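Residue-level structural notes
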Amino acid sequence: MVNPEPATVSATNFIRDIISEDLRNGKYQHVQTRFPPEPNGYLHIGHAKAICLDFGLAREFGGRTNLRFDDTNPEKEETEYVDSIQEDVRWLGFEWDGLYYASDYFDQLYEWAVQLIRAGKAYVDDLTADEVRQRRGTLTEPGQESPYRNRGLEENVDLFERMKQGEFPNGARSLRAKIDMASPNMNMRDPVMYRIVHASHHRTGNRWCIYPTYDWAHGQSDSLERVTHSMCTLEFADHQPLYKWFIEQLRIFPSQQIEFDRLNLTYTLLSKRKLLQLVREGHVSGWDDPRMPTISGIRRRGYPPQAIRAFCAAIGAGRTNGTTDFAMLEHFVREDLNRRASRVMAVLRPLKLVIDNYPEGQVEEMDAINNPEDAAAGSRRVPFSRVLYIENDDFREAPPKGYYRLSPGREVRLRYGYFVTCTSVVKDASGSVVEVHCTYDPATRGGNAPDGRKVKATIHWVSAAHAIAGEVRLYDKLFTKPDPSEVEEGREFTANLNPESLAVLDGCRLEPSLAGAQPGARYQFERLGYFCVDLDSTPGALVFNRTVALKDTWAKVEKKSH
RNA sequence: UGGGCGGUCGACUAAUGGUAGGUCAAGUGCCUUUGGAGCACUUUGUCUAGGUUCGAAUCCUAGCCGCCCAGCCA
């Protein structure tokens, strides 16, 4: 097979070990997982790691995975996000077994809350959020109990019912679990279960004006779905005792939570809040700007889902906080595209090349291999003629040491064309080279010299008369610092934005086979990088995004000599 | 400072008391009709100090360092 599907998850990780053991010793008979995003933003590469774990591990053990939207906060959540999340999960290559919303469980949650009240385990508090905060205590000092903590059962039930009926304004009262204000675990200091929010919910409309907090809804939602292994990120480890407390009080199905480390990437921000800020303030064109680490952004950038999965498998999952090199992600993108992308020739910064001894008006169709990594990809024909465009970078009037490409008197190979030798240049008034003249050796057709002589460089080209025009967008890192959140006092992370993260090249020249290329199609522009057709393309005006550049040894050498 | 969770090459990750291995990055060479790809090789690591053991990255003790928690966000 040309493109073997890489493993969805790494050969081993501690979560797999736990699941295997749970199945072996009978703690659970099956595997049920869930991916529980809040629909308040777009999914990003960090979520991809969680998705690969949630869906990948369940798939591996013959289990099931639900997609559940944790929509407990009507003020932040929108249908737009629900739609994008589903699209992104599918694009990554996964399909859910059940599609649920935490809001599906609002009635059950309410009923259970009443049950806890009647059991003396929850109470309505009249304190405001500020007052609750003042009494919470600190990391080292216990909190104080609310004066409303011990009011009567019936009064609690009545008040809670009236909260639901909408008798009180936002924030006037809350329902709190009655646990332990002196607990060293802040989550156990009578956490809020319900707050009053008179806001319309994207699914339940105006039916409710009290909404469960995440802590109250999450564990019970898992339990209702019979989730066996509930994976989440490390910061929720402190909440586990609370979830267990609820489950024990209610005597419901015990889901097991397993925390793993969040993905961090160099030069990348993975905070929904900051990503939203980039969008709102117009630093990027939208959630799907190809520079964004969102799934929709990297999709538009041209990253293949297989590459994302291979990357997630490679980084694994553990419990140590770290930061993965962005280069690791790019490696998997290149590795995937190298095997699958068709090669074409495109000249981004055109320089005219005239072959003086090539017959005027003659056109030859040269055979070009579509993908040297995949014989099945076949070949195509590329028109060759007397006037070509070559890459501006591929000619130097005064070549530095180690530069192999074209320069006066030097012979190079035109890929799939002929050997040409530079004879002269034409300059404009300012002294820059605008045209290069050469002669070609007719015996080298296709790029082979019968006499066996070698050239040190092969450069790409397009025939001036046959090339089609196109726009190419060159993307670079969005931030200049490995840790974009590292800023001087009083500055914002936006100060680290890379002003050169986008360079738009107009007037690029593409080989004619690219005419009609469809949005999303991926190619390798030989010697330059991987590019994909952007959504902004129209039939007559192609736009390409640079997905990732090819590794460039020469650039490295040149940089070192400076 | 109370509680929770962690510390293995520069980065990510294996080794589950028995040879510290893989991937990325970096470097060197080979090869090449992409300065791509591929191939070969190289450099660098168990936080510290004690202890248990024939044997410790792994177990114990004590330190040190890092991350998380004081939203009616998730």
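Residues numbered from 1 in each chain as written. Chains lettered and ligands numbered in written order. Predicted model: local features only at pLDDT ≥ 70, side-chain atom pairs only at ≥ 80, totals over all residues. Heavy atoms only, no water.

**Observations regarding the sheet that holds strand 1 (residues 32–35)**
What counts is decided by this rule: A pair of strands is considered paired only if DSSP assigns at least 2 bridges between the two. We count a stretch as a helix when DSSP gives it H or I for four or more residues in a row; a strand needs E for two or more, and each element gets its number in order from the N terminus. An axis is simply a line fitted to the C-alpha atoms; with a helix, the fit covers only the stretch in contact. Between two such axes, the angle follows the N-to-C directions and lies from 0 to 180 degrees. Pairs of residues are marked as contacts when any of their non-hydrogen atoms sit within 4.5 Å.
Pairing is parallel in the open sheet, where three strands are placed in the order 1-2-3. Strands at the two margins of the open sheet, each flanked by one partner only, are strand 1 and strand 3 (98–101). Pairs of neighbouring strands in the sheet enclose a mean axial angle of 30 degrees, with direction left out of account. The strands touched by helix 3 (residues 79–91) within the sheet are strand 1, strand 2 (64–69) and strand 3, with strand 2 carrying the most contacts at an inclination of about 155 degrees.

**Re the nonpolar core**
What counts is decided by this rule: Residue types Ala, Val, Leu, Ile, Met, Phe, Trp, Tyr and Cys, when buried and joined through side-chain atoms within 4.5 Å, form a set referred to as a nonpolar core. Throughout, exposure labels follow a simple rule: accessible area from a 1.4 Å probe, protein chains only, divided by the maximum for the residue type, with under 20% read as buried, over 50% as exposed, and the rest as partly exposed.
Core analysis: the biggest nonpolar cluster contains 47 residues, and I15, I45, V89 and I308 have the highest contact counts within it. Contributing elements (two or more residues each) for this core: helix 1 (14–24), helix 2 (45–60), strand 2, helix 3, strand 9 (256–260), helix 10 (295–301), helix 11 (305–315) and helix 12 (326–340). Ranked by residues supplied to this core, first place goes to helix 2 with nine residues. If you look at the next biggest cluster of nonpolar residues, it comprises 36 residues, including V114, F160, I210 and F246.

**Some thoughts on the environment of N321**
Among the secondary structure elements, N321 is positioned in the loop between helix 11 and helix 12. Overall, N321 belongs to the exposed group, its relative accessible area being 65%. Sequence separation of N321 and N264 is 57 residues, and the distance between their C-alpha atoms is 8.3 Å.

**Here we look at the protein's contact with RNA strand B**
Basically, it comes down to this: Throughout, near means a residue has at least one heavy atom within 4 Å of the molecule or strand. In protein, a polar contact requires one atom able to donate a hydrogen and another able to accept it; more generally it is a pair of N or O atoms within 3.5 Å, and residues adjacent in sequence count only if both atoms are side-chain atoms. Under this grouping Gly is polar, as are all residues other than the nonpolar Ala, Val, Leu, Ile, Met, Phe, Trp, Tyr, Cys and Pro and the charged Asp, Glu, Lys and Arg.
Around RNA strand B there are 65 residues in total, and D17, R343, R413, G446 and T553 lie nearest to it. One nitrogen or oxygen atom from the side chain of K76 is found 3.5 Å from a sugar or linking oxygen belonging to RNA strand B. Counting residues per element, the ones that place at least two in the surface near RNA strand B are helix 5 (129–134), strand 6 (192–196), helix 12 and helix 13 (553–560). Of the residues assigned to the surface near RNA strand B, the class counts are 18 nonpolar, 25 polar and 22 charged.

**Quick notes on unusual backbone geometry**
Look at R226: it is not a glycine, yet its phi comes out positive at around 55 degrees. Checked against the element boundaries, R226 lands in the loop between helix 7 (214–224) and strand 8 (229–233). The backbone phi angle of R251 is positive, close to 55 degrees, even though this residue is not glycine. Along the chain, R251 falls in the loop between helix 8 (240–250) and strand 9. A residue is classified by how much of its surface remains accessible, and R251, at 74% relative accessible area, is exposed.

**Remarks on helix 4 (residues 106–118)**
Note the cut-off: The span one expects for a helix is its residue count, reduced by one, times 1.5 Å.
For helix 4, built from 13 residues, the straight-helix expectation of 18 Å at 1.5 Å per residue is met to within 8% by its first-to-last C-alpha distance of 18 Å. Turning to helix 4, its buried residues number three or more, namely F106, L109, Y110, W112, A113, V114, L116 and I117. In the stretch just after helix 4, G120 is the one whose phi turns positive, near 75 degrees.

**Comments concerning the domain arrangement of chain A**
The criterion, for reference: Domain start and end points were adopted from an automatic or database domain assignment. Using a 1.4 Å probe, buried area is obtained as the accessible area two parts lose upon being combined, added over both of them. Throughout this description, the term salt bridge denotes a Lys or Arg side-chain nitrogen within 4 Å of a carboxyl oxygen of Asp or Glu.
Per the domain assignment, the segments of chain A are domain 1 (14–259), domain 2 (272–342 + 470–561) and domain 3 (347–467). Between domain 2 and domain 3, the C-alpha centre-to-centre distance is 29 Å. Between domain 2 and domain 3, the residue contacts involve 22 residues of the former and 29 residues of the latter. Contact with domain 3 buries area across many residues of domain 2, yet R509, R527 and W554 alone supply 35% of it, more than any other trio. Here domain 2 is connected to domain 3 by four salt bridges. The partner of E511 in a salt bridge is R380, with the nearest N and O atoms 2.7 Å apart. On inspection of domain 2 and its partner domain 3, the count reaches nine residue pairs in polar contact (both at pLDDT 80 or more). The greatest single-element share of the side of domain 2 that touches domain 3, amounting to five residues, is contributed by strand 22 (residues 502–510). Here the residues of the side of domain 2 that touches domain 3 are counted per class, giving eleven nonpolar, four polar and seven charged.

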